[in-house]
Amino acid sequence: MSDVGISLENVSKRFGKVEAVRAVSLDIREGEFFSLLGPSGCGKTTTLRMIGGFEHPDEGRILLRAVDVTIEAPNRRNVNMVFQHYALFPHMSIGDNIAFGMRLKKVPKGEQRTRVAEMLEIVRLEGLEKRKPAQLSGGQQQRVALARALVNRPAALLLDEPLGALDVKLRRQMQLELKRIQSELGTTFVYVTHDQEEALAMSDRIGVMNDGIVEQTASPRELYEHPATAFCADFIGSLNALDFRVDDVADGQLVSRVSPRERLVVPVANGHRQGESLKLAVRPERIRIDLAEEPAPEDGSRLEGVVAEVVYLGSLTQFYVDTKVGRVVSHRMNEGGPGRAIDSGRNVVLTWPAHDSSVLAGSVPSDEPA
């Protein structure tokens, strides 16, 4: 896993006056499930197409297993690509669809049969090799497309939103199947999606793209719990982003004193100073909510407020609380038991540990004197 399978070195791509990809540098490890995540138009599909050779960068280099393939044609690269539209041959059987690429490469027929049987077992379609694509469900057709792309044993498989045409339930099932197949084969997967839950569920690491650049590359947990930029924090899950003026820097923490009983606390990062104006990020599920008359933790951040709205969502309840620093959202899991209900209009206390907060990049130092 430590060896680099795919490297992008300062890769840029323009279409006319539009700079679709801007100086992207990435190292994707051998055998890794790596996702490019971002909104439409952020440059993720263009980046994937450059890895596959369907587009050539205007600047920069692309290396596959340390070999420069920047200007090589797609058929000269040991990678395969799977699209949202499977493009199976309707007149061919499933077995023939899977074997098609091997026939073009003139792989001996005996080896073709062996490899097709292996792939049918991996994608769990044994016994269906004689059927036609129209006789299969959408999820089964997706598995055939995967088997066809993997049967030639590529160094990497590139997947451009391949589950987009499936319904929600089948899509979730296929996410688990994709991860299982990738783990079983050990093939490098590079996966493009705009679905944050999909990326979090499947990936070893995620590169979040915005406006042609990669804003952060990290594991799903690191990306969710410690987003590096305001865009990453907002794009991945729900978030509270609170204005934060640094009043004290002590004991490895930045402290903003909201009132004599209220404060915001975040671990020190990047040499921040007293007097700076920052943005603090904290996830709603990290915030504990208690009625004002009940005991609450004394460490970390503490805010007092009034519940403006309560939203019941089955497994959890959302509380929208008006505080001195603005509206804050807290999530509480609905686990049953004798806990006291919190209704709209109640006075509450919000608390969370310092390590559950992070500072968002791009905050501007205050001009006010410290």
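Look up a bit, the structure's there.
Overview of the structure.

1. Describing the overall build of the protein chain
Each helix and strand counted, the protein chain has eight helices and 21 strands in total. For the protein chain, the spread of C-alpha atoms along the three principal axes comes to 80 × 50 × 35 Å. Within the protein chain, residue pairs in contact and separated by at least 24 positions form 67% of the contacts whose partners lie at least 6 positions apart. Taken as a whole, the protein chain presents about 18,000 Å² of accessible surface, with 49% of it coming from carbon and sulfur.

2. Regarding the sheet that holds strand S6 (residues 79-82)
Reading across the sheet, the six strands line up as S6-S7-S8-S3-S9-S10 and stay open at both edges, with mixed pairing between neighbours. The open sheet has two edge strands, S6 and strand S10 (213-218), and neither has a second partner. Pairs of neighbouring strands in the sheet enclose a mean axial angle of 20°, with direction left out of account. When strand S3 (residues 33-37) meets strand S9 (residues 205-210), the two strands line up parallel, connected through four bridges.

3. Here's the deal with unusual backbone geometry
Both trends apply: most residues other than glycine have a negative phi, and most peptide bonds are in trans. Its identity is not glycine, yet glutamate 161 carries a phi of approximately 45°, on the positive side. At aspartate 251, a residue that is not glycine, the phi angle is positive and equals roughly 55°. Its location among the elements puts aspartate 251 in the loop between strand S12 (248-250) and strand S13 (253-259).

4. Section: the state of the cysteines
Linking two cysteines covalently through their sulfur atoms gives a disulfide. Summed over the entire model, instances satisfying the criterion amount to zero disulfides. Of the cysteine sulfurs around cysteine 42, a residue in no disulfide, the closest is that of cysteine 232, at 11 Å.

5. Notes on the pattern of salt bridges
On inspection of all chains with the given rule, the structure shows 28 salt bridges. For arginine 103, the salt bridge identified is with aspartate 96, shortest N-O distance 2.7 Å. The salt bridge involving arginine 171 is made with aspartate 195; its shortest N-O contact spans 4.0 Å. Here the residue arginine 171 occupies a position in helix H5 (residues 168-185), and aspartate 195 occupies one in the loop between strand S8 (188-193) and helix H6 (196-202), the gap between them amounting to 24 residues.

Cut-offs applied
- Position numbers for residues count from 1 along each chain, tracking the sequence in the order it is written.
- Reporting in this predicted model follows two pLDDT cut-offs: at least 70 for local features of residues, and 80 or more for side-chain atom pairs to be given and counted; totals over whole chains, interfaces and linings ignore these cut-offs and use all residues.
- Calculation of side-chain values draws on the structure's entire complement of heavy atoms; hydrogens and water are dropped beforehand.
- Only runs of H or I of at least four residues qualify as helices and only runs of E of at least two qualify as strands under DSSP, and these elements are numbered from the N terminus.
- Note on contacts: a residue pair qualifies if any of its non-hydrogen atoms lie within 4.5 Å across the two residues.
- Residue-level accessible areas treat just the shown protein chains as cover; the underlying method is Shrake-Rupley with a 1.4 Å probe.
- Being paired, for any two strands, means DSSP has found at least two bridges between them.
- With axes taken as lines fitted to C-alpha atoms, and helix axes fitted only over the stretch in contact, angles between N-to-C directions fall between 0 and 180 degrees.
- Note on terminology: disulfide denotes any pair of cysteine sulfur atoms within 2.5 Å.
- Counted as salt bridges are all cases of a side-chain nitrogen of Lys or Arg within 4 Å of a carboxyl oxygen of Asp or Glu.

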